[in-house]
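Structural features, examined
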Amino acid sequence: AAGERLATVGPGDVLGEFAYIGKRGGKEQVTTSCAEATKVVEWSYDALDAHLSEHADARRAIENLFARKLLAKIERMNEQHLHLHEDMSMAHPRRQWMMRRAQKQR
């Protein structure tokens, strides 16, 4: 939803790696704001891809960085989902019963 905070990023974090790795070249747009003084490096998809095409070591480093950052984001989302799921299961007796039943079937 408009104006909703989806994530907080910190030093060394990146935005746009999903679009770059998915080779979507700028079809996604996000609005960001900074809570404090921030240095930002911005590349268009085409400019970054052209630069990395000429510098194989840089391509490996950037893609490795993006992969690590994506993995960390996925792990955070999984953790948030797990806590949400646990909160929901504890809130309703029917859900507790369903969770116990599913665990027994494993």
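Please read these numbers as outputs of a predicted model, since none were measured by experiment.

Right, let's get into the overall build of the protein. Check the secondary structure of the protein and you find four helices and zero strands. Across the protein, contacts joining residues at least 24 apart in sequence account for 53% of those joining residues at least 6 apart. On the protein, roughly 9,400 Å² of surface is accessible, and the fraction owed to carbon and sulfur atoms is 55%.

Moving on to the pattern of salt bridges. Within the structure shown, the criterion is met by five salt bridges. Across the pair Lys69 and Asp13 runs a salt bridge whose closest N-O atoms are separated by 3.6 Å. With Lys69 in helix H3 (residues 56-91) and Asp13 in the segment before helix H1 (17-21), the pair connects residues that are 56 residues apart, well separated along the chain. Among the residues examined, Asp13 registers a relative accessible area of 33% and is labelled partly exposed. When the shortest N-O distance is used, the salt bridge between Arg59 and Glu63 registers 3.1 Å. Taken as a pair, Arg59 and Glu63 lie in helix H3 at a separation of four residues, close to a single helical turn. Each of Asp49, Arg59 and Glu63 takes part in a single network of salt bridges with overlapping partners.

Moving on: the side chain of Lys73. Note that Lys73 resides in helix H3. Each residue touching Lys73, except ones within four places of it in the same chain, is listed here: Val14, Glu17 and Phe18.

Taken as a whole, helix H2 (residues 45-54) has its buried residues at Tyr45, Leu48 and Leu52. For H2, the angular spread of the buried residues around the axis is 75°, confining them to a single face. Structural note: H2 exposes Asp46, Ser53 and Glu54 on the side pointing more than 90 degrees away from its buried face.

Before going further, it helps to spend a moment on the packing of aromatic side chains. What characterises a pair of aromatic rings is the spacing of the ring centres plus the angle enclosed by the ring planes. Scanning all chains against the criterion turns up two aromatic pairs. Taking 5.3 Å as the distance between ring centres and 45° as the angle between the ring planes, the aromatic pair formed by Tyr20 and Tyr45 counts as tilted. Here Tyr20 is found in helix H1, whereas its partner Tyr45 is found in helix H2, with 25 residues between them in sequence. In this pair, the class of Tyr20 matches that of Tyr45, namely buried. Each member of the aromatic cluster is reached from another via a ring pair, and the members are Tyr20, Tyr45 and Phe66.

A polar atom in the side chain of Arg59 sits 3.2 Å from the side chain of Ser53. Residues contacting Arg59, with those up to four places away along its chain left out, are Tyr20, Asp49, Leu52 and Ser53.

About the criteria used
- Residues numbered from 1 in each chain as written.
- Predicted model: local features only at pLDDT ≥ 70, side-chain atom pairs only at ≥ 80, totals over all residues.
- Heavy atoms only, no water.
- Helix = DSSP H or I, 4+ residues; strand = E, 2+ residues; numbered from the N terminus.
- Contact = heavy atoms within 4.5 Å.
- Areas by Shrake-Rupley, 256 points an atom, 1.4 Å probe, with all protein chains shown as cover.
- Salt bridge = Lys/Arg side-chain N within 4 Å of Asp/Glu carboxyl O.
- Buried < 20%, exposed > 50% of the residue type's maximum accessible area, 1.4 Å probe, protein only.
- Arc of directions from axis to C-beta.
- Phe/Tyr/Trp six-rings, centres within 6.5 Å; stacked < 30°, edge-to-face > 60°.
- Polar contact = N/O pair within 3.5 Å; in protein donor to acceptor, adjacent residues only side chain to side chain.

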